[in-house]
Amino acid sequence: MKQNKDCRDRLRHCFCYFTADDAQLTPVLRLGAGACAGIVAMSATYPMDMVRGRLTVQTDKSPYQYRGMFHALSTVLREEGPRALYKGWLPSVIGVVPYVGLNFAVYESLKDWLIKTRPFGLVEDSELSVTTRLACGAAAGTVGQTVAYPLDVVRRRMQMVGWNNAASVITGDGRSKASLEYKGMIDTFRKTVRHEGFRALYKGLVPNSVKVVPSIAIAFVTYEQVKDILGVEMRISD
């Protein structure tokens, strides 16, 4: 029995050692790890996102119809080539860093501020309630989404480049698609602001936030709850 207890103690100390090292990751390392994970995940699913964008903007009056996801994928590959599936990838990658970074920075900063100042009795025994954590997550999502959103607009517009019927689908009247002929990320920014004004970079922000902000808040709270359940904050001294 004593031998079994000693083995359990050794295993516990080993577990605490590794989780303690993980807990000592700096904010910069956590940001880097999160950004890398986001870039890999985004890159793997990007063709689906591009196809979703095109399927979303087409209407019953569009002169050309994608019949579904696989028809859209095969049509893009046949008519525009494999590279077309990754149009707008660069602004997406660039947007991952501020988006992820601001989400975590704002969330953790709000948590620290609330625990230190204890305003309005929101903190009890140095613990935040689920509701308060949701509010912190929503605030973090709002900031990150607002800052990174122009890159998302640029990405969407670049995804339409090379699509023969893009102009008639978007404008509904078959006018010239000259304004859609973007040569790259910078060119897309420049033409969008010049022809439509700075506010065009934030078209669709509100409905997008209605979807994204709650999901980020829920993700943060779930992350915190899972950490508590798994006990990843344990230290050797515990």
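Now for a look at the structure at hand. As the structure is a computational prediction, the values presented were derived from the model and not from experiment.

## Here's the deal with the environment of Ser129
Reasoning step 1: By the element assignment, Ser129 lies in the loop between β2 (127–128) and α5 (130–160).
Reasoning step 2: We classify Ser129 as partly exposed; its relative accessible area is 34%.
Reasoning step 3: Along the primary structure Ser129 and Val221 are separated by 92 residues, whereas in three dimensions their C-alpha atoms are 9.8 Å apart.

## Overview of the nonpolar core
If you look at soluble globular proteins, the nonpolar side chains tend to sit buried side by side.
Reasoning step 1: With nine residues, the main nonpolar core is built from Val106, Tyr107, Leu114, Leu128, Cys136, Ala140, Val212, Ile216 and Phe220.
Reasoning step 2: Within the residue set of this core, elements represented by two or more residues are α4 (89–117), α5 and α8 (205–230).
Reasoning step 3: Counting residues in hydrophobic clusters, the runner-up holds eight residues, among them Met50, Val51, Ala72 and Val76.

## Some details on the pattern of salt bridges
Reasoning step 1: In the structure shown here, the tally under the stated rule is 12 salt bridges.
Reasoning step 2: Between Glu196 and Lys203 there is a salt bridge whose closest N-O contact spans 2.8 Å.
Reasoning step 3: With relative accessibility at 37%, the residue Glu196 sits in the partly exposed group.
Reasoning step 4: A relative accessible area of 48% places Lys203 in the partly exposed class.
Reasoning step 5: Three or more residues are tied together by salt bridges with common partners; here these are Asp49, Arg52, Asp152, Arg155 and Arg156.

## Describing the packing of α5 against helix α7 (residues 185–196)
Helix-helix packing is described using two parameters, namely the angle between the two axes and the distance between the axes.
Reasoning step 1: Their axes nearest at 10 Å, the elements α5 and α7 cross at an angle of 100°. Classified by the angle between their axes, α5 and α7 sit roughly perpendicular to one another. Counted together, Pro150, Leu151, Val154, Arg157 and Met158 of α5 and Met185, Thr188, Phe189, Thr192 and Glu196 of α7 form the full contact between these two elements.
Reasoning step 2: Tallied by class, the residues present in the contact of α5 with α7 amount to six nonpolar, two polar and two charged.

## Details of a nonpolar patch on the surface
Reasoning step 1: Taken together, the side chains of Tyr86, Trp89, Leu90 and Ile94 define a hydrophobic patch exposed on the protein surface, amounting to about 350 Å² of accessible area.
Reasoning step 2: Assignment of secondary structure puts Trp89 in helix α4.

## Side note on α4
Reasoning step 1: Counted at 1.5 Å a residue, the expected span for α4 with its 29 residues is 42 Å, and the 42 Å between its end C-alpha atoms agrees.
Reasoning step 2: Where α4 bends most, at Gly95, the angle is about 25°, and the proline Pro98 comes one to four residues later.
Reasoning step 3: The complete set of buried residues in α4 reads Pro91, Ser92, Val93, Gly95, Val96, Val100, Gly101, Asn103, Val106, Tyr107, Lys111 and Leu114.
Reasoning step 4: The positive-phi residue at the C-terminal boundary of α4 is Arg118, with phi of around 50°.

## Digging into the packing of α4 against α8
Reasoning step 1: One way to put it is that α4 packs onto α8 with a least axis distance of 12 Å and a crossing angle of 60°. One finds that α4 runs oblique with respect to α8. Read as a crossing pair, α4 and α8 show a hand that is right-handed. Residues Tyr99, Asn103, Phe104, Tyr107, Glu108 and Lys111 of α4 lie in contact with α8, whose contacting residues are Val212, Ile216, Phe220 and Glu224.
Reasoning step 2: Grouping the amino acids of the contact of α4 with α8 by side-chain chemistry returns six nonpolar, one polar and three charged.

## As for the side chain of Lys111
Reasoning step 1: With respect to the secondary-structure elements, Lys111 resides in helix α4.
Reasoning step 2: Its relative accessible area of 13% is what places Lys111 among the buried residues.

Rules used throughout
Residues numbered from 1 in each chain as written. Predicted model: local features only at pLDDT ≥ 70, side-chain atom pairs only at ≥ 80, totals over all residues. Heavy atoms only, no water. Helix = DSSP H or I, 4+ residues; strand = E, 2+ residues; numbered from the N terminus. Buried < 20%, exposed > 50% of the residue type's maximum accessible area, 1.4 Å probe, protein only. Core = buried A, V, L, I, M, F, W, Y, C linked by side-chain atoms within 4.5 Å. Salt bridge = Lys/Arg side-chain N within 4 Å of Asp/Glu carboxyl O. Axes fitted to C-alpha atoms, helices over the stretch in contact; angles between N-to-C directions. Parallel < 35°, antiparallel > 145°, perpendicular 65-115°, else oblique. Contact = heavy atoms within 4.5 Å. Nonpolar A, V, L, I, M, F, W, Y, C, P; charged D, E, K, R; others polar. Patch = residues over 30% accessible without salt bridge, like charges linked within 9 Å, V, L, I, M, F, W, Y side chains within 5 Å. Areas by Shrake-Rupley, 256 points an atom, 1.4 Å probe, with all protein chains shown as cover. Expected span 1.5 Å × (residues − 1). Bend = angle between axes of the 7 residues up to and from the residue. Left-handed = near helix turned anticlockwise from the far one by under 90°.

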